[in-house]
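Residue-level structural notes
Each chain is listed here by its residues.
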Amino acid sequence: TTLSNFYAFWQRYLTVFDRVRVLSRVVRVPRAADTWRQVTGDGVEVLPVPSYLGPLQYVYRSPQLLAAAHAATRTQGATILRSPGGVAVSLRILLEALRRCYAVEVVGDPALAFSPTAYDHPFRFVFQIALTRELQSECRRACAVSYVTEYTLQSRYPPSSDAYVTHYSSVALGPEAYAAAPRSVGAFPVSLRVVSVGSMQRSYKGFDDLIQAVSLARRRGLAMELSLVGSGRNQESFERFARESGQPVSFLGELPGAEAVREVLGKSHLFVLVSRSEGLPRVMLEAMAQALPCIGTDVGGTREILPAEYVVPIGDSIALADKLVEVARDPDRLARMSEENLRRARRFADEVLMKRRVAFYRAVADATAGAGCERDAGARS
């Protein structure tokens, strides 16, 4: 599984529930990659469903998905949909047919995920409308809803008036995730090391925009090194784009854990998020916890964690290059950004967010207990 969803992630639910059953897409492989982490453990099991990629494959495999969802719902328990996602849709259909309540954790925005800048497909508009309406329906009918944003996703996907509502990020920021102190003016040399982190499975992380922006900034005399952390099927196309742009870029691949990512962040001077679709960018919070100055695109909840002056339009490489030059030539400003980001990141410490998570889990358990459910959480992704 991805580094964010290994066993420690699902252990959070065990603070309230006796066990967690994760209904998730599974692909059989001959050998696990060195960077993969174990998902299952005491109290956590995985219920596999056929893997699919994209809405069309989901439609093709929907009978198998519904069958897997039906098997998973035979046991009474609390059901939490991690939405948006096709598995969540299948479960919602069955649960409503069975007149059983469910909760939703809203972790993304299909309206952005299927926007023209994030998804290239002839039926993109159809997917965008259908999945946006689906998530709106889920939130409106759920007994409890949590959002990764404080207010951004709530405005597009409002809950019902009688639902339990809260917000918390999925980020994991323990004491070890935080830098000891902000970075001083002297920590920013003439040649800045810029870093970005994200999956390269799809193009919506916008690494091509970042490569182009760094190229434009270099042409204006800015000394800058760029490193990209992540892997996926689009990595070769990003590498080719970098070669064609004549720009040296370090592709570091997928790193083996949070500690390795923090090590790269700690050696960098500026973090840049160029995503075209996000809920609340966890990796930016991780960078902020490392006291890194940050620049991000105007997507999802970015404006909730960054001042507007460090937010640039989606897909605008020129505006991003202008901002890179503007901040990189001002070490005093970079130092102020570092101090402010470290302070803001402390709002997302584990000890802060876990209180909200536990309150949400208890609200879900209480709501489902009224329907005769066991304290058994099915977190469906």
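Refer to the structure presented above.
Anyway, here's the lowdown on the structure attached to this text. Given the structure is predicted, the values throughout are model-derived calculations rather than measurements.

**Remarks on the overall build of the protein chain**
- Assigned secondary structure in the protein chain consists of 15 helices and 13 strands.
- Taking 21 Å as the expected radius of gyration for a compact globule of 381 residues, we find that the protein chain reaches 21 Å, a close match to that expectation.
- By the burial criterion, 53% of the 381 residues in the protein chain qualify as buried.
- By sequence separation, contacts in the protein chain at least 24 residues apart represent 71% of the contacts at least 6 residues apart.

**Section: the pattern of salt bridges**
- Counting across every chain of the model gives 19 salt bridges.
- With a shortest N-O distance of 2.5 Å, E134 and R92 are connected by a salt bridge. Of this pair, E134 sits in helix α6 (residues 124–141) while R92 sits in helix α4 (residues 86–97), and the two are 42 residues apart along the sequence.
- Residue E134 is classed as buried on the basis of its relative accessible area, which comes to 12%.
- When its relative accessible area of 13% is taken as the criterion, R92 is described as buried.
- One salt bridge connects E150 with R347, and the closest N-O pair in it is separated by 4.0 Å. Here the residue E150 occupies a position in the loop between β5 (144–147) and α7 (152–156), and R347 occupies one in the loop between α14 (331–345) and α15 (350–369), the gap between them amounting to 197 residues.
- What makes R347 partly exposed here is its relative accessible area of 35%.
- Bridged by salt links that share partners, the residues R92, E96, E134 and R141 form one connected network.

Cut-offs and rules
- Residues numbered from 1 in each chain as written.
- Predicted model: local features only at pLDDT ≥ 70, side-chain atom pairs only at ≥ 80, totals over all residues.
- Heavy atoms only, no water.
- Helix = DSSP H or I, 4+ residues; strand = E, 2+ residues; numbered from the N terminus.
- Rg over C-alpha atoms; globule rule 2.2 N^0.38 Å.
- Buried < 20%, exposed > 50% of the residue type's maximum accessible area, 1.4 Å probe, protein only.
- Contact = heavy atoms within 4.5 Å.
- Salt bridge = Lys/Arg side-chain N within 4 Å of Asp/Glu carboxyl O.

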